[in-house]
Structures are given as structure tokens and as C-alpha cells.
Amino acid sequence: MDNTRLRIAIQKSGRLSKECQKLLKGCGVKLNIREQRLIAHAENMPIDLLLVRDDDIPGLVMDGVVDLGVVGENVLEETLMERKATSEPTDYTELKRLDFGGCRLSLAVADDFDYQGPKSLEGKRIATSYPWLLKRFMDQQGVKFKSVMLNGSVEVAPRAGVADAICDLVSTGATLEANGLVEADVIFRSKAVLIQSGAELSAGKQQIIDKLLPRIQGLQQARE
Ligand code: PRP
Ligand code: ZN
Ligand code: MG
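Residues numbered from 1 in each chain as written. Chains lettered and ligands numbered in written order. Predicted model: local features only at pLDDT ≥ 70, side-chain atom pairs only at ≥ 80, totals over all residues.

Peer 1: For this particular structure, what's the right way to read the sheet that holds strand β11 (residues 192-197)?
Peer 2: Remark on secondary structure: sheet strands pair via backbone hydrogen bonds, oriented parallel or antiparallel. Spatial strand order, β2-β3-β1-β4-β11-β5: 6 strands in an open sheet with mixed pairing. Strands with a single pairing partner mark the edges of an open sheet, and in this sheet they are β2 (39-41) and β5 (92-97). Here the average twist between neighbouring strands, direction ignored, is 25°. Looking at chain direction, strand β1 (residues 6-11) and strand β4 (residues 68-72) are connected through 2 bridges and run parallel. Across the sheet, Ile8 pairs through a bridge with Leu68, a residue of β4. Running over the sheet, helix α6 (residues 203-223) touches β1, β3 (47-52) and β5 and is turned about 30° from β5. (Pairing = 2+ DSSP bridges. Helix = DSSP H or I, 4+ residues; strand = E, 2+ residues; numbered from the N terminus. Axes fitted to C-alpha atoms, helices over the stretch in contact; angles between N-to-C directions. Contact = placed C-beta atoms within 7 Å.)

This is the structure in C-alpha cells:
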């Protein structure tokens, strides 16, 4: 890969990917994204796009593998907590809070569960992809629980008998509803953010960023 080109990591498929592509397009970046391709080169600017899992984006930015990344604050905060605990690099700067990707990380229980607040989960098993955010919340609440780490399909855990409750992202609520679950408590509210690696950038890359930022600002203002 050509290291003179600005590298931007975005989610390959999921809630943020369409909006990210729309944002770049709105900034005048001509992209040629082909299915099953991890890298897309912009045709009219020295920009390379990396299409990856959203959970990998903060780490790629903090390790300086990419220069910029668009990611949910939930995934960013989870990665920060995990990396601090393991003494891995956590350098990054937030360039812009974006106006899409809104969601909440919530506790949810089966619709027949008698939920009276976090204390109802004392000693229970909670399935999640966000063990650090969940633990911080439960510690604040003084509730002990068992974490069941799942990278996907968290919503089926209660029915499968793997957990008593879940802690997962909720956007429209359709996933919870389809699985007979109800939202019990919100533990974190999130939006998408544009972040930059802590590594020093070449003048060329900085120029591109200086061009992109006002365009993003303009796009967001137009949508307000
Ligand atoms: C989240 C969550 C649910 C879905 C909820 O997944 O894990 O699957 O969104 O959205 P809804 O309330 O609109 O139904 P995410 O988009 O983070 O994808 P991922 O699990 O593949 O990372
Ligand atoms: Zn994810
Ligand atoms: Mg999901």
C-alpha cells in the first residue's frame, strides 16, 4: 500500500457503512467500491479506503495502521478501556462528532423477566460484545454479574439458555422485538465520530484532511 495516500477505515457492512460512503461522496471523493474488496482507491484524490469490521477501527487508528477512521463512540470507548487495561497504545484525536450512527447500548431482558432495575441482574449471566462498558456500569450500580462474551448474535443468548439478559446496541429496537426481548436500561449513548491517529502526518496527508473537514462541516450544516 502507498503510504503517501491518506488511509481511512470505515465499516465494511453495517449501520455506519452506507452513511460513511455517502459522507465521502458528499465531500467529492470518487470511490469505486467493489464487493468483497478490503481496499478501495479514490479516483480523484490520494485517499485509500479500508473496509473493515467496525470493532477493528479504533485499534487500527490507535496503532497508526490507518490515518482516519469513522466509528461509533461505543466501540471507541470499549476499545479504550480494553487497551488501557492491557497497556496497548490508545493515542488518537477526535476530529468531528458526526450526525449519524445514533444508537444506545442497553440492557435487555426477556419480556417475561420481572425487571426492577439493575439489581434484578445480581448474579445473573449477561451476554454482550461490550464487556468493559457493561462492567463499568454494573460496578457503578454495585451489582455483581457474570459476563458472557459474544461477538455476534447476542440477542439469541437468552432463548438459547446461554444468558439471562443481554447488553447490546439498540437502534430501531427491531432486533430486540424480533427476539422477544425488551429494553431494560440504557447504559451508553453513542453517535459516529471521525477520529485521527496520534502519529504525525505528512504535509500532503494533512492537506487532504484540511480539505475534507470543512466539507464535512458544510454537509452537516446543510442537514440541520
Ligand atoms: C447492532 C446490534 C443489533 C442491531 C440493533 O449491531 O448488535 O444487531 O444493531 O439494531 P436495531 O435496534 O435497529 O434492530 P451492529 O450494527 O453494531 O452490527 P455488528 O453487531 O455486526 O457489529
Ligand atoms: Zn460491531
Ligand atoms: Mg449486531
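Still to come is the rest of the account.
Peer 1: Would you explain the nonpolar core in this entry?
Peer 2: Ranked by internal contacts, the top residues of the largest apolar core, which has 31 residues, are Ile8, Ile10, Val70, Val71 and Ile195. Setting aside residues up to four positions removed in sequence, Ile195 forms contacts with Val61, Leu68, Gly69, Val71, Leu76, Tyr92, Thr93, Glu94 and Leu95. Formed by 22 residues, the second largest nonpolar core is a distinct cluster that contains Leu105, Val109, Leu121 and Leu133. (Core = buried A, V, L, I, M, F, W, Y, C linked by C-beta atoms within 7 Å. Buried ≥ 20, exposed ≤ 12 C-beta atoms within 10 Å, placed from the backbone.)

Peer 1: Whenever I open this one, the environment of Gly59 confuses me. Can you help?
Peer 2: Note on placement: Gly59 falls in helix α2 (residues 57-62). Judged by the 20 C-beta atoms lying within 10 Å of it, Gly59 falls in the buried class. Note: C-alpha distance between Gly59 and Val154 (95 residues apart in sequence) is 22 Å.

Peer 1: Just to check I follow, could you spell out the site of ligand 1 for this structure?
Peer 2: For ligand 1, the set of nearby residues contains 13 residues, the closest of which are Leu169, Ser171, Thr172, Ala174 and Thr175. Broken down by secondary-structure element, the contributors of at least two residues to the shell around ligand 1 are β9 (165-170) and α5 (174-178). In terms of residue count, the dominant contributor to the shell around ligand 1 is β9 (3 residues). The residue makeup of the shell around ligand 1, split by class, is 4 nonpolar, 6 polar and 3 charged. (Near = placed C-beta within 6 Å. Nonpolar A, V, L, I, M, F, W, Y, C, P; charged D, E, K, R; others polar.)

Peer 1: Before we go on, may I ask you to explain the pairing of strand β8 (residues 146-149) in this structure?
Peer 2: Moving residue by residue along a regular strand, the side chains alternate between the two faces of the sheet. Two strands pair when backbone bridges link them, and strand β7 (residues 125-128) and β8 are joined in this way by 4 bridges, in the parallel orientation. Of the residues in β8, the one forming a bridge with Thr128 is Met149. For the handedness criterion, the β-α-β arrangement of β7, helix α4 (residues 131-141) and β8 is classed as right-handed. (Right-handed = clockwise from strand over helix to strand, strands pointing away.)

Peer 1: Even after reading the chapter, I still don't get α4, so can you show me in this structure?
Peer 2: The α-helix advances 3.6 residues per turn, and as a result positions three or four apart in sequence lie on the same side. For α4, the full list of buried residues reads Leu133, Leu134 and Met138. Angularly, the buried residues of α4 cover 125° about the axis, an arc narrow enough to put them on a single face. Set apart from the buried face of α4 by more than 90 degrees, the exposed residues are Asp139 and Gln140. Turning to α4, the residues buried within the fold contact α3 (73-85), β6 (103-110), β7, β8, β9 and β10 (181-190). (Arc of directions from axis to C-beta.)

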